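# Descriptive structure summary
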Amino acid sequence: MSNDFNDKNEDQTSSNVGINTRLSHIGNKPMDYHGFVNPPVVRASTVLFPDYETMRDRAQPYVYGTYGTPTTDALCNALSELEGAAGTRLVPSGLAAISVPVLAFARAGMHVLVVDSLYSPNRRFCNDVLSRLGVEVEYFSPHAGADFAKLMRPNTGIVMLEAPASNSFEMCDTPLIANIAHEKNPDCVVMMDNTWATPLFFKPLDYGVDVSIHALTKYPSGHSDVLMGGVSVNARHWEQFNDATNAMGICVGGDDAALVLRGLRTMGVRLAHHEKSTMEICRWLWKHPEVSRVLYPALPDDPGHELWKRDFKGASGLFSFVIRGKGRDDCGAFLNALKYHGLGYSWAGYESLAVMPNFGDRVVAHGPDEGTTIRIQVGLEDPQDLIADLERGFAALKRS
Ligand SMILES: *Cc1c(COP(=O)(O)O)cnc(C)c1O
């Protein structure tokens, strides 16, 4: 007799059960591993074949470590299920999750449209590497809307989106842009960096996007102790992407995959806490006399709120606010006074962080200019303590 819990099948992980139920069960197949709840952490280069014929025909699920192991497959299957994707590949960082699919689809003579407010380290890849390969990169405004049609050319082969934007949190109309891109050029690959929302709050492939990109470093892992990226692709483009990733030798280790899979199990409960605390902190900041703006699309006054409400199921714990009329060095005193917000890059771990983003490299979507922008990653601490911490920052600002 088989127990449904042990014999994981499509029914149990299907989308008609709650998200935390799905997160608890997707990916793993305990009965394949003597009933152990988690898949084994496979560290592998060589995989042995029982005989010459099996080797000749590659007639077994695993042939070499670079192409995947039971550990990486468990994570890939979980992510594909969450994204509604034909397949997912793991790459060594979130930044590689942007560059690897672009390299898989780009060719010389292609025109690529990139939203100007995208994760900024990606700009260096576009400007230095892509241009060297004969690909023309053009940045466009997240507010392009229907005017996006005017930017499409017959050779536009890739469109890169991110919503809300890194650091400044502008929303863009993802389904509108994806539709226009495909209408003008059916072969155009529309990619979206979905790190902020995670597939719990937005599913790009359901809105016309072809490739959903994740810094798994962020919420899926959730503990600031591992770097990884995930690329989930629809059926139309999966084969080309998968072949190119194999050809480039891109892979991740089993220990890191196991860490991300462990984090993924609690992503739903963590996000619920991040979301609730962030809303509380944003509402408090919004009323603060030193603050000119809070950039967070879940706030009803945010310019992107309508798009966010239309397409997204929730909001995560990263936002910015602007301290009116103060320069960057003035705001240094604010950052120095913080006790629970560490000063450091990355985000989506359990600990709160603060940074002062710079919008200097933007070409069309310039950041706020009425003061200094501070970006906050709201961790799992109790929100009243985080508010008291920010209050300490404002007090230091007044003295400076
Ligand atoms: C952090 C981040 C990345 C890059 O992830 P790493 O794993 O740190 O390389 C990509 N996109 C977004 C939106 C990010 O916030």
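Residues take numbers from 1 onward in each chain, read along the sequence in its written order. pLDDT decides what is reported in this predicted model: residues at 70 or higher carry local features, side-chain atom pairs at 80 or more are listed and counted, and totals for whole chains, interfaces and linings draw on all residues regardless. With hydrogens and water stripped out, all remaining heavy atoms of the structure feed into the side-chain values.

## With respect to the environment of serine 212
Structurally, serine 212 can be placed in strand β6 (residues 211-215). With 12 residues separating them along the chain, serine 212 and serine 224 place their C-alpha atoms 22 Å apart. Note on definitions: a residue-residue contact is assigned when non-hydrogen atoms from the two residues lie within 4.5 Å. Excluding residues within four positions of it along the chain, serine 212 makes contact with Glu83, Met192, Asn194, Pro204, Leu205, Gly230, Val231 and Ser232. In the analysis that follows, any N or O atom pair within 3.5 Å is treated as a polar contact, provided that within protein one partner can donate a hydrogen and the other can accept it, and provided that, for residues neighboring in sequence, both atoms belong to side chains. At 3.1 Å, the side chain of serine 212 forms a polar contact with the side chain of glutamate 83. Put simply, DSSP H or I for four residues or longer makes a helix, DSSP E for two residues or longer makes a strand, and each gets a number counted from the N terminus.

## Observations regarding the domain arrangement of the protein
Taken domain by domain, the protein consists of domain 1 (38-265) and domain 2 (268-399). A quick way to say it: buried area is the sum, across both parts, of accessible area lost when two parts are put together, with a 1.4 Å probe. Summed over the three residues of domain 1 that lose the most area to domain 2, namely Trp196, Phe201 and Tyr219, the buried surface amounts to 26% of that side. A carboxyl oxygen of Asp or Glu within 4 Å of a side-chain nitrogen of Lys or Arg is what we treat as a salt bridge. Across the contact surface, domain 1 and domain 2 share three salt bridges. Between arginine 310 and aspartate 173 there is a salt bridge whose closest N-O contact spans 2.7 Å. Between the two partners, domain 1 and domain 2, sit 18 residue pairs in polar contact (both at pLDDT 80 or more). Listing elements by their share of the side of domain 1 that touches domain 2, those giving two or more residues are β3 (136-140), α9 (198-201) and α11 (254-265). Counting residues per element, the side of domain 1 that touches domain 2 draws most heavily on α9, which supplies three residues. A domain assignment, automatic or from a database, supplies the domain bounds used here.

## A short note on the packing of helix α4 (residues 70-83) against α11
Throughout, an axis means a line fitted to C-alpha atoms (over the contacting stretch in the case of helices), and angles, computed between N-to-C directions, take values from 0 to 180 degrees. Contact geometry for α4 and α11: axes closest at 8 Å, N-to-C directions at 40 degrees. Relative to α11, α4 is oriented oblique. For the element pair α4 and α11, the recorded crossing hand is left-handed. Between α4 and α11, the residues in contact are Thr71, Thr72, Ala74, Leu75, Ala78, Leu79 and Leu82 and Gly254, Ala257, Ala258, Val260, Leu261 and Leu264, respectively. Class assignment for the residues of the contact of α4 with α11 results in 10 nonpolar, three polar and no charged. Here roughly perpendicular refers to angles of 65 to 115 degrees, roughly parallel to angles under 35, roughly antiparallel to angles over 145, and oblique to all remaining angles. Note: crossing handedness is left-handed where the near helix turns anticlockwise from the far helix by less than a right angle, and right-handed where it turns clockwise. Residues are grouped as follows: Ala, Val, Leu, Ile, Met, Phe, Trp, Tyr, Cys and Pro are nonpolar; Asp, Glu, Lys and Arg are charged; all remaining types, including Gly, are polar.

## Looking at the sheet that holds strand β12 (residues 371-377)
If DSSP finds at least two bridges between two strands, the strands pair. Reading across from one edge, β8-β9-β12-β11-β10 is the order of the five strands in this open sheet, with mixed pairing throughout. Each edge of the sheet is formed by a strand with only one pairing partner; in this case those strands are β8 (291-295) and β10 (342-343). Where β8 meets strand β9 (residues 318-324), four bridges bridge the pair, whose relative direction is antiparallel. Pairing of arginine 293 across the sheet is with valine 322, part of β9. Taken strand by strand, helix α12 (residues 267-286) contacts β8 and β9, and its axis lies near 10 degrees from that of β9. Strand contacts of helix α14 (residues 328-337): β9, β10, β11 (353-355) and β12, with the helix running at about 30 degrees to β12, the strand carrying the most contacts.

## Overview of the side chain of asparagine 28
Among the structural elements, asparagine 28 can be located in the loop between α2 (19-25) and α3 (52-57). Among the polar contacts made by the side chain of asparagine 28, one reaches the side chain of arginine 265 at a distance of 3.0 Å.

## Considering helix α5 (residues 94-105)
Between its first and last C-alpha, α5 extends 18 Å over 12 residues, near the 16 Å set by a 1.5 Å rise per residue. Buried, partly exposed and exposed residues are distinguished by accessible area as a fraction of the type maximum, computed with a 1.4 Å probe on protein chains only: under 20%, between the cut-offs, and over 50%, respectively. The element α5 is extensively covered by neighbouring structure, given that 10 of its 12 residues are classed as buried. By the burial criterion, the buried members of α5 are Gly94, Ala96, Ala97, Ile98, Ser99, Val100, Pro101, Val102, Ala104 and Phe105. Expected span of a helix: the number of residues minus one, times 1.5 Å.

## Some details on the environment of alanine 149
With respect to the element layout, alanine 149 can be found in helix α7 (residues 148-151). The class of alanine 149 is partly exposed, set by a relative accessible area of 22%. Spatially, the C-alpha atoms of alanine 149 and asparagine 179 are 9.7 Å apart, while their sequence positions differ by 30 residues. Not counting chain neighbours up to four residues away, the residues in contact with alanine 149 comprise Ile180 and Lys184.

## Brief notes about the nonpolar core
Here, nonpolar core means buried Ala, Val, Leu, Ile, Met, Phe, Trp, Tyr and Cys residues that are tied together by side-chain atoms lying within 4.5 Å of each other. Formed by 108 residues in total, the largest nonpolar core has its most connected members in Val159 and Phe321. Take this core: its biggest share by element is seven residues, from α5. In this structure, this core is formed jointly by two domains, domain 1 (38-265) and domain 2 (268-399), each of which donates at least three residues. Once residues within four sequence positions are removed from consideration, valine 159 is found in contact with Leu113, Phe140, Phe148, Met152, Ile177, Ala181, Cys188, Val189, Val190 and Met191.

## Points about the environment of isoleucine 158
Its location among the elements puts isoleucine 158 in strand β4 (residues 156-162). Note on isoleucine 158: relative accessible area 0%, which makes it buried. Residues isoleucine 158 and asparagine 185 lie 27 residues apart in sequence; the distance between their C-alpha atoms is 10.0 Å. Excluding residues within four positions of it along the chain, isoleucine 158 makes contact with Val102, Phe105, Ala106, Met110, His111, Val112, Leu113, Cys188, Val189 and Met191.

## Focus on the layout of surface pockets
Here the largest pocket defines a volume of roughly 650 Å³. Lining of the largest pocket is provided by 32 residues; of these, Tyr119, Pro121, Lys218, Ser346 and Arg375 occupy positions nearest its centre. Going through the elements one at a time, α5 and β6 are the ones with two or more residues in the lining of the largest pocket. Mapping the lining of the largest pocket onto the domain boundaries places at least three of its residues in each of domain 1 (38-265) and domain 2 (268-399). Of the volumes computed, that of the second largest pocket is approximately 360 Å³. Only protein atoms enter the calculation, which uses a 1 Å grid: trapped sets of points that fit a 1.4 Å probe without letting it out are cavities, open sets showing protein on both sides within 12 Å along at least five of seven lines are pockets, and any residue with an atom within 4 Å of a point is a lining residue. Lining the second largest pocket are 23 residues, with Glu170, Arg293, Leu295, Asp302 and Pro303 sitting closest to its centre. Grid points are joined across faces, edges and corners, and a volume is the space filled by probe spheres set on the points.

## Focus on the sheet that holds β6
The sheet built from seven strands is open, its strands ordered β1-β7-β6-β5-β4-β2-β3 with mixed pairing. Two strands lie at the open edges of the sheet, namely β1 (87-91) and β3, each paired on one side alone. Shown here is a sheet whose adjacent strand axes are inclined to one another by a mean of 20 degrees, direction ignored. Both strand β2 (residues 111-115) and β4 contribute to a ladder of four bridges, which runs parallel. Its bridge partner being in β4, leucine 113 is matched across the sheet by valine 159. Across the face of the sheet, α5 comes into contact with β1, β4, β5 (189-193), β6 and β7 (229-233) while running at roughly 155 degrees to β6.

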